Amino acid sequence: MAGKSNWEVVTDHRCLLAEGPVWDDSGQRIFWVDILNGEIHFFYPHNNEHITFELGKMIGAIALRKSSGLVAALENGFATIDLTERSFAFVSDVENDLPGNRFNDGKCDAAGRFWAGTMSISNVQHAGSLYVLEKDFTVQTKITGVTCSNGLAWSLDNKTLYYIDTPTGKVVAYDYDMASGNISNRSVVVSIPAEEGYPDGMTIDSEGMLWIALWNGWKVARYNPSSGKKLYQILLPVSQVSSCVFGGGSMDDLYITSAKTGLSEYDLKEQQLAGALFVIKDCGFKGIEAFKFNG
């Protein structure tokens, strides 16, 4: 059950709220965001180069774009990101009328749509929604009444969407139609007791098992969505573990984000690595390449 704890710290930088790691296989680099500081980070493992792009506004999630650059869920809308010019362009102000909300986690599906959800900045319950940015930049609302929209993953056969609304402590599954993007038949596939932590970001491995970052749980854990059972866990030196993704040349390095927001002075002394990006190289499992936005 207990996994490798031979984690390494990727850079000296500490984010306030690191989230949304994405491995760029073609560029052999890892991206992640600092939501509250409005930063995109990327790091090249082959030469240890770390680059920061300051956006000047909160950013919930990013995904690779097939054409070039990134697509992003900013504070209350979708945007495209030009990494060469260090610029962004809004394509849809989804929740411009809801200034108390912000975007959180997001990910692309196999058809090239970008899914991302929102949450209340002041933790109002059921204030958020899950949206989809289509290839033509139109937006559809998929799920409403969400409190903290978080992890997303699709089964290896692309017939199931897995989704996390963090305070529920559950991973739910929907039947997923890749051609249309429609979801239906919600069911609970994993229930996580509060003492284990709260489910946050999520990824899937090459065997179809879910890896979930457990906020206030000091770990990431691997779950079987068919049985709901926890199979494996990796302990970390920080409490607020926020997300994870596989990367590296063989897709067997596990990158893990964390946060220091909200920690007391005492906690920060005890958790000096809070906000760091971690990697467990050659972790014993493999992931799959990230899907890219097709717009």
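Structure's up top.
Residues numbered from 1 in each chain as written. Predicted model: local features only at pLDDT ≥ 70, side-chain atom pairs only at ≥ 80, totals over all residues. Heavy atoms only, no water.

Re unusual backbone geometry
Stated precisely, the cut-off is as follows: Only DSSP runs of H or I covering at least 4 residues are called helices, and only runs of E covering at least 2 are called strands; the numbering of each starts at the N terminus. Using a 1.4 Å probe on the protein chains alone, a residue whose accessible area is under 20% of its type maximum counts as buried, one over 50% counts as exposed, and one in between counts as partly exposed.
Its identity is not glycine, yet Asn-185 carries a phi of approximately 55 degrees, on the positive side. As for its position among the elements, Asn-185 is in strand S17 (residues 183-191). Overall, the relative accessible area of 56% leaves Asn-185 in the exposed class. Backbone geometry at Asn-216 places phi at a positive 65 degrees, although glycine is not the residue there.

Considerations on the pattern of salt bridges
Filter applied, for reference: The working definition used for a salt bridge is a side-chain nitrogen of Lys or Arg within 4 Å of a carboxyl oxygen of Asp or Glu.
Within this structure, the stated rule accounts for 8 salt bridges. The residue Arg-113 makes a salt bridge to Asp-109 at a minimum N-O spacing of 2.9 Å. Asp-109 matches Arg-113 in its accessibility class, with the two residues each being buried. Note that Lys-230 is salt-bridged to Glu-196, the shortest N-O span being 2.7 Å. With a gap of 34 residues between them, Lys-230 in strand S21 (residues 230-235) and Glu-196 in the loop between S17 and strand S18 (198-204) connect regions that are remote in the sequence.

Notes on the packing of aromatic side chains
This is how it is decided: Classification of ring pairs rests on two measures: the distance between centres of Phe, Tyr or Trp rings, Trp counted by its six-membered ring, which must be within 6.5 Å, and the angle between planes, read as stacked under 30 degrees, edge-to-face over 60 and tilted in between.
Here the structure, examined in full by the defined rule, presents 16 aromatic pairs. On the numbers, 5.9 Å between centres and 85 degrees between planes, the contact of Phe-88 with Phe-90 is edge-to-face. You can call Phe-88 partly exposed: its relative accessible area is 29%. Connected via pairs of aromatic rings, a cluster forms that spans Phe-78, Phe-103, Phe-114 and Tyr-131.

Some points on the sheet that holds strand S13 (residues 139-146)
Counted only if it meets this: Here, a strand pair is defined by DSSP locating no fewer than two bridges between the strands. To get an axis, fit a line to the C-alpha atoms, keeping to the stretch in contact for a helix; angles then go from 0 to 180 degrees between the N-to-C directions.
The strand order S10-S11-S12-S13 describes an open sheet built from 4 strands, whose pairing is antiparallel. The open sheet is flanked by strand S10 (101-108) and S13, the only strands paired with a single partner. Here the strands of the sheet are splayed against their neighbours by 20 degrees on average, with no regard to which way each runs. Taken together, the 4 bridges between strand S11 (residues 114-120) and strand S12 (residues 128-133) define a ladder with antiparallel strand orientation. When the bridges of S12 are listed, Trp-115 appears paired with Val-132.

Quick notes on the environment of Thr-261
Note the cut-off: We call two residues in contact when some of their heavy atoms are within 4.5 Å.
On the secondary structure map, Thr-261 appears in the loop between strand S23 (253-258) and helix H1 (265-270). Residue classification places Thr-261 among the partly exposed residues on the basis of a relative accessible area of 23%. Beyond its immediate chain neighbours, meaning those up to four positions away, Thr-261 contacts Leu-16, Leu-17, Leu-36, Trp-215 and Gln-240.

Some points on the pairing of S17
Judged from the 6 bridges that link them, strand S16 (residues 170-176) and S17 form a sheet pairing that is antiparallel. Bridge pairing in S17 links Val-171 to Val-190. The antiparallel pairing of S16 with S17 creates a hairpin that spans 6 residues between the two strands, and Gly-181 there sits at a positive phi of about 80 degrees.

Some details on the sheet that holds strand S8 (residues 78-82)
Pairing is antiparallel in the open sheet, where 4 strands are placed in the order S6-S7-S8-S9. At either end of the open sheet lies a strand with only one pairing partner, and these are strand S6 (59-64) and strand S9 (87-92). Neighbour to neighbour, the strand axes of the sheet diverge by 30 degrees on average, direction disregarded. As paired strands, strand S7 (residues 70-74) and S8 are joined by 4 bridges and run antiparallel to one another. Of the residues in S8, the one forming a bridge with Ala-72 is Ala-79.

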